[in-house]
2 protein chains.
Amino acid sequence: MNNEFDNKLKSRNIKPTAMRELVLKVLTEQMTTISLPELEQKFDRADKATLYRTLKTFEESKLIHSVDDGSGAMKYAICQDSCHCNPEDLHVHFLCTKCKQTSCLSEIPVPEINLPDNFSFESVNMVVKGICSNCKK
Amino acid sequence: MNNEFDNKLKSRNIKPTAMRELVLKVLTEQMTTISLPELEQKFDRADKATLYRTLKTFEESKLIHSVDDGSGAMKYAICQDSCHCNPEDLHVHFLCTKCKQTSCLSEIPVPEINLPDNFSFESVNMVVKGICSNCKK
DNA sequence: AATTTTAATGCAACCGGGTTGCAAAGTTTA
DNA sequence: TAAACTTTGCAACCCGGTTGCATTAAAATT
């Protein structure tokens, strides 16, 4: 096989198996973030453990990033091409309390925080809750 | 019984049972946030469901607030007297990746975010990860 | 191409935090 | 004191996440 997904996987040194291409396809077409259980439902018959490990692999390779939106299930989203998952790539996430969708606000970087003396920064998770524009209509 | 905990509970219209006073005592003495499983361990024999419901009661009464620090377990901390859990009372939380303690950075308010058009704000969760000053020594 | 080596998959089982139903015990009210 | 209501303790369950292990598939080697 030789398509955009295949190439994207290869370029990150991930072996492009059929399963991985399918998962990458779903993640790419997904407008909002998606959880492992939700991902499972996208397939007629797919193993949770395999999907779980696929997501882990993708995350390690910085193909996707994860957000803990407090819903109980970790959410995953495709990283933008320019993303290296460095502090400066971190953006705010938004959880709509109506449609329950969590989306990347990719244009909104997480504000810098001046930590107290002798605290060092590693990363940050910022999730805003409210009503999204779709649900407001 | 008639002590500070008792009074605090009464002032929030929470019936001051023995269990609730003990839990409030633990939460008050606790320097960092605490999870339900951790709270359970503070007692020789206490029922998880009771503690769970106690925390829920306290949270509804805004005696405590909860933080999802991504560790898998929700963390709870006493609210400051001045806190009404309004947006302006929200502060940043810090999870130390070394000692695994999550603490309130009560002095650091969560920065305001300019949401995209037609998004409305309800609340926000912001957790910074890094090394705390204690572990830095 | 056949064999060996390595990696990915599928299945089952498990873990841990959270949550609920329900009966027993404890409180409050009449 | 009796009736009404609340809290507690126990058990069971749910669900997301995670791991061990045998099977299958892919890659490397001969």
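Since the model is a prediction, treat every value here as computed from it, not as a measurement. (Residues numbered from 1 in each chain as written. Chains lettered and ligands numbered in written order. Predicted model: local features only at pLDDT ≥ 70, side-chain atom pairs only at ≥ 80, totals over all residues. Heavy atoms only, no water.)

Sorry, what's going on with the pairing of strand E5 (residues 102-109) of chain A here?
Put simply, side chains in a regular strand alternate between the two faces of the sheet. Residue and element names in this part refer to chain A. Direction of pairing for strand E4 (residues 91-96) relative to E5: antiparallel, over a ladder of 5 bridges. Looking at E5, one finds that Phe 94 is bridged to Ser 103. The hairpin turn running from E4 into E5, its antiparallel successor, is 5 residues long, and Lys 100 in that turn takes a positive phi close to 65 degrees. (Pairing = 2+ DSSP bridges. Helix = DSSP H or I, 4+ residues; strand = E, 2+ residues; numbered from the N terminus.)

Explain the packing of aromatic side chains here, please?
Here the distance between the centres and the angle between the planes together describe a pair of aromatic rings. Tallying each qualifying case throughout the model produces 2 aromatic pairs over all chains. Consider the rings of Phe 94 of chain A and Phe 119 of chain B, whose centres lie 4.7 Å apart with planes at 75 degrees: the pair is edge-to-face. Of this pair, Phe 94 of chain A sits in strand E4 while Phe 119 of chain B sits in the loop between strand E5 (102-109) and strand E6 (120-131), each in a different chain. A relative accessible area of 0% means that Phe 94 of chain A is categorised as buried. (Phe/Tyr/Trp six-rings, centres within 6.5 Å; stacked < 30°, edge-to-face > 60°. Buried < 20%, exposed > 50% of the residue type's maximum accessible area, 1.4 Å probe, protein only.)

I would appreciate a short explanation of the interface of chain A and chain B in the present structure.
Quoted interface sizes are often the accessible area lost when the parts come together. The partner chain B presents 32 residues to the 32 residues of chain A that form the contact. Across the chain A to chain B interface the summed buried area is about 2600 Å²; carbon plus sulfur atoms make up 62%. Counting the contacts that link chain A with chain B gives 0 salt bridges. Counting across the interface, chain A meets chain B through 14 residue pairs in polar contact (both at pLDDT 80 or more). The set of elements that each furnish at least two residues to the side of chain A that touches chain B consists of E4, E5, strand E6 (120-131) and helix H5 (133-136) of chain A. Broken down by element, the side of chain A that touches chain B gets its largest block of residues, 12 residues, from E6 of chain A. (Contact = heavy atoms within 4.5 Å. Buried area = accessible area lost by both parts, 1.4 Å probe. Salt bridge = Lys/Arg side-chain N within 4 Å of Asp/Glu carboxyl O. Polar contact = N/O pair within 3.5 Å; in protein donor to acceptor, adjacent residues only side chain to side chain.)

Help me out: how do you make sense of the relation of the copies chain A and chain B in this one?
Note: a rotation about an axis with an accompanying shift along it relates these two copies of the chain. When chain A is fitted onto chain B, the two copies agree to an RMSD of 0.0 Å after a turn of 180 degrees and an axial shift of 0.0 Å. Within this description, the copies of the chain are treated as partners about a two-fold rotation axis. Measuring from the rotation axis to each C-alpha of chain A, the shortest distance belongs to Met 126 of chain A, at 2.2 Å. In this assembly, 100% of the residues forming the interface of chain A have copies in chain B that are likewise at the interface, indicating an isologous arrangement. (Least-squares fit on C-alpha atoms with pLDDT ≥ 70 in both.)

What should I look at first to understand the sheet that holds strand E1 (residues 34-35) of chain A in this one?
Pairing between sheet strands relies on hydrogen bonds along the backbone, with the strands arranged either parallel or antiparallel. All names here are of chain A. Overall, antiparallel pairing links the 3 strands, which are arranged E1-E3-E2 in an open sheet. This sheet does not close on itself; its edge strands, each paired only once, are E1 and strand E2 (64-67). Relative to E2, helix H4 (residues 48-60) is tilted by about 110 degrees, and along the sheet it contacts E2 and strand E3 (75-78). (Axes fitted to C-alpha atoms, helices over the stretch in contact; angles between N-to-C directions.)

Sorry if this is basic, but what is going on with the protein's contact with DNA strand D here?
The environment of DNA strand D is formed by 18 residues, the closest being Lys 48, Tyr 52 and Met 74 of chain A together with Thr 17 and Arg 53 of chain B. Here, DNA strand D places atoms within 4 Å of the protein, and 63% of those atoms are sugar or phosphate. Within the side chain of Arg 20 of chain B, an N or O atom sits 3.1 Å from a phosphate oxygen of DNA strand D. Interatomic distance of 3.5 Å between a side-chain N/O atom of Asp 47 of chain B and a base nitrogen of DNA strand D. If you tally residues by element for the surface near DNA strand D, the top one is H4 of chain A, at 5 residues. (Near = heavy atom within 4 Å.)

Can you help me understand the sheet that holds strand E1 (residues 34-35) of chain B in this one?
All names here are of chain B. Here we have 3 strands laid out as an open sheet, ordered E1-E3-E2, and antiparallel in their pairing. Two strands close off the open sheet at either side, each with one partner strand: E1 and strand E2 (64-67). As paired elements, E1 and strand E3 (residues 75-78) share 2 bridges and run antiparallel to each other. The residue bridging Ser 35 from the neighbouring strand is Lys 75, located in E3.

Sorry if this is basic, but what is going on with helix H4 (residues 48-60) of chain B here?
Structural remark: α-helix, 3.6 residues per turn; residues separated by three or four positions point the same way. Residues and elements named next belong to chain B. An ideal rise of 1.5 Å per residue puts 18 Å on 13 residues; H4 measures up with 18 Å between its terminal C-alpha atoms. Turning to H4, its buried residues number three or more, namely Leu 51, Thr 54, Leu 55 and Phe 58. One side of H4 carries all its buried residues, which in axial view fall inside an arc of 100 degrees. Residues of H4 that are exposed and point over 90 degrees away from its buried face: Arg 53 and Glu 60. In this fold, the buried residues of H4 make contact with helix H1 (4-11), helix H2 (18-29), helix H3 (36-41), E2 and E3. Of the residues trailing H4, Lys 62 is marked for its positive phi of about 60 degrees. (Expected span 1.5 Å × (residues − 1). Arc of directions from axis to C-beta.)

How do you make sense of the side chain of Asp 6 of chain B when you look at a structure like this?
Tracing the backbone through its elements, the reader meets Asp 6 of chain B in helix H1. A polar contact is formed between the side chain of Asp 6 of chain B and the side chain of Lys 10 of chain B, at a distance of 2.8 Å.

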